[in-house]
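Below are the chains, spelled out letter by letter.
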Amino acid sequence: MEQFIQPFIEGSEDVFRELCNTEVKAGRAFFVSKDEFESIWDISGIIGLSGEAHGAVAISLKEETAFRLTNILTGKEYTAVDNEVTDMLGEIVNIIVGNVKNIFEKKHRIKISMPSIIKGKSHSIVWPLEKARIICIPFAIFDTQEFCLSIAMEHSK
């Protein structure tokens, strides 16, 4: 599992460091089944994967964290999830998955979709795969906040 999730951890750390001038620290990754997946988050950015491997990757966070990240990138204060906040989250997940795709391209041809955003307190994500378990990687950010990167991926037949 380590060699599979490490590119996602490193990709997330790089994006937040370089794009947002913010350090993040990955916690211990864990598996969750689709039936057990319950969101505590306010907003998620999701990208689908297709090709030799298929599935989805989602980054989920609380509004407070999304507002602070968007403030860092734009210099403006935010108190509501608007187009700039959703664009910021879509761009972050797009860059993370795009960088990981480039690493995996050495072994698997993968295409990524445009990011989609789900917003709403405790929203649900319906994962596209029947058998795949979801890998959740929790990250600490801004000393007291957190976000989660979730991955569900399996090889195509």
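Scroll up for the structure.
Keep in mind it's a predicted model, so treat the numbers as computed, not measured.

### Examining the overall build of the chain
Here is step 1 of the chain: Of the regular secondary structure elements, the chain holds three helices and eight strands.
Here is step 2 of the chain: N-terminal to C-terminal, the α/β element order of the chain is α-β-β-β-β-α-α-β-β-β-β.
Here is step 3 of the chain: Expressed along its principal axes, the backbone C-alpha trace of the chain runs to roughly 45 × 30 × 30 Å.
Here is step 4 of the chain: Per-residue burial for the chain yields a buried fraction of 45% across its 157 residues.
Here is step 5 of the chain: Counted over contacts in the chain with a minimum sequence separation of 6, partners at least 24 positions apart contribute 69%.
Here is step 6 of the chain: In the structure as shown, the chain presents an accessible area of about 8600 Å², 48% of it carried by carbon and sulfur atoms.
Here is step 7 of the chain: Separation between the mean location of the 17 positive side-chain charges and that of the 23 negative ones in the chain comes to 7 Å.

### Observations concerning the nonpolar core
A general tendency of soluble globular proteins is for nonpolar side chains to be buried together.
Here is step 1 of the chain: Counting residues in hydrophobic clusters, the biggest one holds 38 residues, and the most contacted among them are Phe16, Ile59, Leu69, Ile92, Ile137 and Leu149.
Here is step 2 of the chain: Put simply, the parts of the chain that give this core at least two residues each are helix H1 (2–20), strand S3 (43–51), strand S4 (53–61), helix H2 (63–74), helix H3 (83–104), strand S7 (134–141) and strand S8 (145–155).
Here is step 3 of the chain: For this core, the element with the highest residue contribution is H3, accounting for nine residues.
Here is step 4 of the chain: Among all residues touching Leu69, those that are not within four sequence positions of it are Phe16, Cys20, Leu61, Met88, Ile92, Ile141 and Phe142.
Here is step 5 of the chain: In terms of nonpolar packing, the next biggest core, distinct from the first, is built from eleven residues, Val32, Ala58, Trp127 and Cys136 among them.

### Some points on the environment of Thr74
Here is step 1 of the chain: Tracing the sequence through the fold places Thr74 in helix H2.
Here is step 2 of the chain: Spatially, the C-alpha atoms of Thr74 and Gly98 are 22 Å apart, while their sequence positions differ by 24 residues.

### Topic: the pattern of salt bridges
Here is step 1 of the chain: Applying the stated criterion across every chain, the model contains five salt bridges.
Here is step 2 of the chain: Of the charged contacts in the structure, one is a salt bridge between Asp14 and Arg17, with a shortest N-O distance of 3.0 Å. Here the residue Asp14 and the residue Arg17 both occupy positions in helix H1, the gap between them amounting to three residues, near one helical turn.
Here is step 3 of the chain: With its nearest N and O atoms 3.0 Å apart, the salt bridge here joins Lys76 to Glu84.
Here is step 4 of the chain: With a relative accessible area of 42%, Lys76 lands in the partly exposed category.
Here is step 5 of the chain: Residue classification places Glu84 among the partly exposed positions, given a relative accessible area of 30%.
Here is step 6 of the chain: Members of the salt-bridge network, linked through shared partners, are Asp14, Arg17 and Glu23.

### Considerations on a nonpolar patch on the surface
Here is step 1 of the chain: A cluster of nonpolar residues, Leu19, Ile72 and Leu73, forms a patch on the protein surface that exposes about 210 Å² of accessible area.
Here is step 2 of the chain: Relative to the elements of secondary structure, Ile72 occurs in helix H2.

### Observations concerning the environment of Ala58
Here is step 1 of the chain: By the element assignment, Ala58 lies in strand S4.
Here is step 2 of the chain: Taking the C-alpha atoms as reference, Ala58 lies 4.2 Å from Ile46; in sequence the two are twelve residues apart.

Parameters at a glance
- Residues numbered from 1 in each chain as written.
- Predicted model: local features only at pLDDT ≥ 70, side-chain atom pairs only at ≥ 80, totals over all residues.
- Heavy atoms only, no water.
- Helix = DSSP H or I, 4+ residues; strand = E, 2+ residues; numbered from the N terminus.
- Buried < 20%, exposed > 50% of the residue type's maximum accessible area, 1.4 Å probe, protein only.
- Contact = heavy atoms within 4.5 Å.
- Areas by Shrake-Rupley, 256 points an atom, 1.4 Å probe, with all protein chains shown as cover.
- Lys, Arg positive; Asp, Glu negative; His and termini not counted.
- Charge placed at Lys NZ, Arg CZ, Asp CG, Glu CD.
- Core = buried A, V, L, I, M, F, W, Y, C linked by side-chain atoms within 4.5 Å.
- Salt bridge = Lys/Arg side-chain N within 4 Å of Asp/Glu carboxyl O.
- Patch = residues over 30% accessible without salt bridge, like charges linked within 9 Å, V, L, I, M, F, W, Y side chains within 5 Å.

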